[in-house]
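Residue-level listing of the chains:
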Amino acid sequence: QSALTQPPSASGSPGQSVTISCTGTSSDVGGYKYVSWYQQHPGKAPKLMIYEVNKRPSGVPDRFSGSKSGNTASLTVSGLQAEDEADYFCSSYAAGDSVLFGGGTKLTVL
Amino acid sequence: QVQLVQSGAEVKKPGASVKVSCKASGYTFNDYYIQWVRQAPGQGLEWVGRIMPYSGDTRYVQKFQGRVTMTRDTSISTVYMELSSLTSDDTAVYYCARRAGTAMIDYWGQGTLVTVSS
């Protein structure tokens, strides 16, 4: 099983929106509704931002949203703020009761 | 509150083994899978495997089969991950994490840095 594919970087100005993609296969992203997104600041553990494609845990701002089409999931951050600058990782449940992660996307707020 | 507290950093020589512990508190230990995820310096996240504390059932990524062993001690709400035949490629921060639902991680440990160096 290969890692999910994410762009290495993304950027936007404060107030703008940015979308990060996560591409897998029909055996992971496309086959299940279990896509999650994590935010990681330097030196910190990841934090859950989106689960089951488009659900937000309590406490996560509604500026963060998720979606999926076919084998590609997406995370959109609207109204970018300075504190959104971080690494973002997608993950998906995969056939055989395993989990795959994406390579990560470094989001820069210009 | 839910907490996962991991053991401290380790330095190991190539070929050695390392055993990392993860003590859970603030919830019913037997009810949630614990996953292990590692992150090499400057790299992405990599799923290593998971254990169900209630039954001890494990599932490992194929690349680690034969080198990784996950165990638990329910009397002290602690899970362990042991990785053997270490190489420099195993240098990473190892996280334990609680799986809620299907493949969703809602709580993470603080991470344990394992450095493999001669």
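Residues numbered from 1 in each chain as written. Chains lettered and ligands numbered in written order. Predicted model: local features only at pLDDT ≥ 70, side-chain atom pairs only at ≥ 80, totals over all residues. Heavy atoms only, no water.

We now examine the overall build of chain B. Scanning chain B from N- to C-terminus turns up zero helices and eleven strands. For chain B, the sequential pattern of α-helices and β-strands runs β-β-β-β-β-β-β-β-β-β-β. Taken against the 2.2 N^0.38 rule, which gives 13 Å for 118 residues, the C-alpha radius of gyration of chain B at 13 Å falls within 12% of a compact globule. In terms of principal-axis extent, the alpha carbons of chain B reach across some 40 × 25 × 25 Å. (Helix = DSSP H or I, 4+ residues; strand = E, 2+ residues; numbered from the N terminus. Rg over C-alpha atoms; globule rule 2.2 N^0.38 Å.)

Okay, the packing of aromatic side chains next. Within this structure, the stated rule accounts for seven aromatic pairs over all chains. Relative to Trp108 of chain B, the ring of Tyr95 of chain B lies with its centre 5.6 Å away and its plane at 90°, an arrangement referred to as edge-to-face. Residue Tyr95 of chain B is found in strand E9 (residues 92-100), and its partner Trp108 of chain B is found in strand E10 (residues 104-108); the two are separated by 13 residues along the sequence. Owing to a relative accessible area of 4%, Tyr95 of chain B belongs among the buried residues under this scheme. Among the residues examined, Trp108 of chain B registers a relative accessible area of 12% and is labelled buried. By the ring-pair criterion, three or more aromatic residues cluster together here, those being Tyr38 and Phe101 of chain A together with Tyr95 and Trp108 of chain B. Residue placement shows Arg98 of chain B over the ring face of Tyr32 of chain B; its charged tip is 3.8 Å from the ring centre. One cation-aromatic arrangement involves Arg99 of chain B over Tyr33 of chain B; the distance from NZ or CZ to the ring centre is 4.3 Å. (Phe/Tyr/Trp six-rings, centres within 6.5 Å; stacked < 30°, edge-to-face > 60°. Buried < 20%, exposed > 50% of the residue type's maximum accessible area, 1.4 Å probe, protein only. Lys NZ or Arg CZ within 6 Å of the ring centre and 35° of its normal.)

Here the focus is the pattern of salt bridges. Residue and element names in this part refer to chain B. On inspection of all chains with the given rule, the structure shows eleven salt bridges over all chains. Note that Lys12 and Glu10 form a salt bridge whose closest N and O atoms lie 4.0 Å from each other. Taking relative accessible area as the criterion, Lys12 reaches 24% and is therefore assigned partly exposed. Note that Arg67 is salt-bridged to Asp90, the shortest N-O span being 2.8 Å. (Salt bridge = Lys/Arg side-chain N within 4 Å of Asp/Glu carboxyl O.)

All names here are of chain A. Here strand E5 (residues 64-69) runs beside strand E6 (residues 72-77); their pairing, made up of six bridges, is antiparallel. In the sheet register, Phe64 faces E6, and the bridge partner there is Val77. Hairpin connection from E5 to E6: two residues lie between these consecutive antiparallel strands, with Gly70 at a positive phi of about 60°. (Pairing = 2+ DSSP bridges.)

Residues and elements named next belong to chain B. Where strand E7 (residues 68-73) meets strand E8 (residues 78-83), six bridges bridge the pair, whose relative direction is antiparallel. Across the sheet, Met70 pairs through a bridge with Met81, a residue of E8. Joining the antiparallel neighbours E7 and E8 is a turn of four residues, in which Ser77 adopts a positive phi near 50°.

Glancing now at the interface of chain B and chain A. Between chain B and chain A, the contact holds 19 residues from the first and 19 residues from the second. Summing both sides of the interface, chain B and chain A together bury roughly 1600 Å²; the carbon and sulfur share of this comes to 61%. The largest contributions to the chain B side of the interface with chain A come from Leu45, Trp47 and Thr102 of chain B, which together make up 34% of the buried area. Here chain B is connected to chain A by two salt bridges. Salt-bridge contacts for Arg50 of chain B lead to Asp97 of chain A; the nearest nitrogen and oxygen are separated by 2.3 Å. Our count for the chain B to chain A interface comes out at seven residue pairs in polar contact (both at pLDDT 80 or more). Residue assignment for the side of chain B that touches chain A shows that the elements contributing at least two residues are strand E4 (33-39), strand E5 (45-51), E9 and E10 of chain B. Counted by class, the side of chain B that touches chain A contains eight nonpolar, six polar and five charged residues. (Contact = heavy atoms within 4.5 Å. Buried area = accessible area lost by both parts, 1.4 Å probe. Polar contact = N/O pair within 3.5 Å; in protein donor to acceptor, adjacent residues only side chain to side chain. Nonpolar A, V, L, I, M, F, W, Y, C, P; charged D, E, K, R; others polar.)

On to the sheet that holds strand E3 (residues 18-25) of chain B. Residues and elements named next belong to chain B. Reading across from one edge, E1-E3-E8-E7 is the order of the four strands in this open sheet, with antiparallel pairing throughout. A single partner strand is all that each edge strand has here, and the edge strands are strand E1 (3-6) and E7. Ignoring strand direction, the axes of neighbouring strands in this sheet form an average angle of 20°. Where E1 and E3 come together, four bridges link them in antiparallel fashion. (Axes fitted to C-alpha atoms, helices over the stretch in contact; angles between N-to-C directions.)

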